[in-house]
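The lines below spell out each chain.
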Amino acid sequence: MKLAPLNTVQNAHDDSIWTAAWVPPTVDSGPLLLTGSLDETVRLWNPNGPDKLQTNTGHCLGVVSVTAHPSGRIAASASIDSFIRVFDVATNNTIATLEAPPSEVWQLQFNPQGTTLAAAGGGSASVKLWDTAEWKLIATLEAPRPEGLKPSERSGSKKFALSVAWSPDGRQIASGAMDGTISVFDVPRAKFMHHLEGHCMPVRSLVYSSAPLDSRVLFSASDDGHVHIYDAERKTLITSLSGHSSWVLSVDVSPDGAAIATGSSDKSVRLWDLKMRAATQILTSHTDQVWAVAFGPSLQTDVRSCLLASASDDKSVSFYKYS
């Protein structure tokens, strides 16, 4: 398996690109890519070209997260203006505007079933859940402070929530924090389960394995330069992957579950073979920090292949074929 570079869109946005997410295919369209930028816009791309299909405005500060509903019909974007905008992918019509005071929302993700939107946000160190039928806030998941901290260290800044991921069955959520801890929650009971420890710096990206036999496996990317692989249920660190020379800002897992891709402030994208537990490829199409890597769905023409997109502070979006 390898990544073959396809295209790079220079100046895809007017400022740094902080987030990217694939929109699943529908009967009307193949898979599309959403990107969000410090320029306050969300843009929609057809990877065949690649062509920019539309530019969505509606935020008054930089866009830090985009996510698409499993149906491919709706998507959501979050900004440091504290608002979440839910919109129709095809028309860009606003479906709902969700407010998440008192602080920013840093990462969004729909659950695999499409019934709930999770937002990891800010100094409250919590994950907020909205139902997607009426867009009502249905739960706030909060992690306790780790034991042994002095009262002066129990401030929100240490537990600032940065990242969120759903387990494949939608029954668990993992959230990464500024202090390097990862909190795992039982969603049906809306209860904190345990912490996963091992990182010593912010955890900016999380993703559960897509392999059917590895649904408990969680990948984390951290500013400490490492990617950790956990058994999220047994609270065990399976292994740690190192190789990036700076912060690891994003991690995603391939649809076949055999590889992960990472983006880093060392300006590179790396492909890791999970059986070998090693990086097999280093791609250097970007000239600045790579804030987002995202695998697309399997290609209809070859189910063993898919596209990967990466987005960077250099304002560019790169596309690769994974096969």
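Computed from a predicted model, the values in this text were never measured in an experiment.

Definitions and limits used
- Residues numbered from 1 in each chain as written.
- Predicted model: local features only at pLDDT ≥ 70, side-chain atom pairs only at ≥ 80, totals over all residues.
- Heavy atoms only, no water.
- Helix = DSSP H or I, 4+ residues; strand = E, 2+ residues; numbered from the N terminus.
- Contact = heavy atoms within 4.5 Å.
- Lys, Arg positive; Asp, Glu negative; His and termini not counted.
- Charge placed at Lys NZ, Arg CZ, Asp CG, Glu CD.
- Polar contact = N/O pair within 3.5 Å; in protein donor to acceptor, adjacent residues only side chain to side chain.
- Salt bridge = Lys/Arg side-chain N within 4 Å of Asp/Glu carboxyl O.
- Buried < 20%, exposed > 50% of the residue type's maximum accessible area, 1.4 Å probe, protein only.
- UniProt positions renumbered as here; feature names shortened; annotations may be inferred.
- Core = buried A, V, L, I, M, F, W, Y, C linked by side-chain atoms within 4.5 Å.
- Pairing = 2+ DSSP bridges.
- Axes fitted to C-alpha atoms, helices over the stretch in contact; angles between N-to-C directions.

> Can you break down the overall build of the protein residue by residue, with the values?
Scanning the protein for helices and strands turns up 0 helices and 28 strands. By its C-alpha atoms, the protein is 55 × 45 × 35 Å across when sized along the principal axes. For the protein, long-range pairs separated by at least 24 residues make up 45% of all intrachain contacts whose partners lie at least 6 apart in sequence. Between the averaged position of the 26 positive side-chain charges in the protein and that of its 32 negative side-chain charges there is a distance of 5 Å.

> Outline the environment of Thr35, listing residues and values.
Turning to its location among the elements, Thr35 is positioned in strand β3 (residues 32–37). Sequence-wise, Thr35 and Ala292 are 257 residues apart; in three dimensions their C-alpha atoms are separated by 9.2 Å. Beyond its immediate sequence surroundings of up to four residues, Thr35 is in contact with His13, Ile17, Thr19, Ala20, Thr41, Val42, Arg43, Trp45, Val66 and Val317. A polar side-chain atom of Thr35 sits 2.9 Å from a polar atom in the side chain of Trp45.

> If you had to explain the pattern of salt bridges to someone new, which residues and values would you point to?
Taken as a whole, this structure holds 8 salt bridges when the rule is applied. Here Lys136 makes a salt bridge to Glu134, at a shortest N to O gap of 3.1 Å. Judged on exposure class, the residue Lys136 and its partner Glu134 are both exposed. Residue Arg304 pairs with Asp302 through a salt bridge whose shortest N-O separation is 3.8 Å. Classification of Asp302 by relative accessible area gives partly exposed; the value is 24%. Beyond isolated ion pairs, a larger network of salt bridges with shared partners links Asp14, Asp39 and Arg43.

> Talk me through the UniProt feature "repeat: WD" (unreviewed entry) in the protein; I want residue IDs and the actual numbers.
Per the UniProt annotation, the sites labelled "repeat: WD" (unreviewed entry) are residues 10–55, 56–97, 154–195, 196–240, 241–282 and 283–323. Here residues 56–97 runs as 0% helix and 55% strand, with 14 Å between its end C-alpha atoms.

> Explain the nonpolar core to me, using residue names and the numbers behind them.
Ala76, Ile84, Leu98, Val105, Leu108, Leu117 and Trp135 are the most contacted members of the largest nonpolar core, which has 16 residues in total. Among the elements of the structure, β7 (74–79), β8 (83–88), β9 (94–99), β10 (107–110) and β11 (116–121) are those that each provide at least two residues to this core. In terms of residue count, β7 provides more of this core than any other element does, 3 residues in total. The residues touching Leu108, leaving out its near neighbours within four places in the chain, are Ser65, Thr67, Ala76, Ser77, Ala78, Ile84, Leu117, Ala118, Ala119 and Val164. Residues Val9, Leu299, Leu307 and Ala309 belong to the second largest nonpolar core, which totals 15 residues.

> Just give me the short version of the pairing of strand β13 (residues 137–142), but keep the residues and values in it.
Alignment of strand β12 (residues 126–131) against β13, held across 5 bridges, turns out to be antiparallel. Residue pairing in the sheet places Val127 in a bridge with Leu141 of β13. A loop of 5 residues connects β12 with β13, the two strands running antiparallel in sequence, and Trp135 in this loop sits at a positive phi of about 60 degrees.

> Report on the sheet that holds strand β6 (residues 63–68), specifying residues and quantitative values.
Spatially, 4 strands are ordered β6-β7-β8-β9 in an open sheet, and the strand pairing comes out antiparallel. Two strands in the sheet have a free side with no partner beyond their single neighbour: β6 and β9. Sheet twist, expressed as the average angle between the axes of neighbouring strands with direction ignored, equals 15 degrees. Bridging between β6 and β7 involves 5 bridges; their strand directions are antiparallel. Counted as the bridge partner of Ser65 is Ala78 from β7.

> Got a sec to walk through the sheet that holds β11? Specific residues and values, please.
One key point about sheets: their strands pair by backbone hydrogen bonds, in either a parallel or an antiparallel sense. Spatially, 4 strands are ordered β10-β11-β12-β13 in an open sheet, and the strand pairing comes out antiparallel. Edge positions in the sheet fall to β10 and β13, since each of these pairs with one other strand and no more. The average undirected angle you get between the axes of adjacent strands in this sheet is 20 degrees. Pairing of β11 with β12, which is carried by 6 bridges, proceeds in the antiparallel orientation. Following the sheet pairing, Thr116 is matched in β12 by Asp131.

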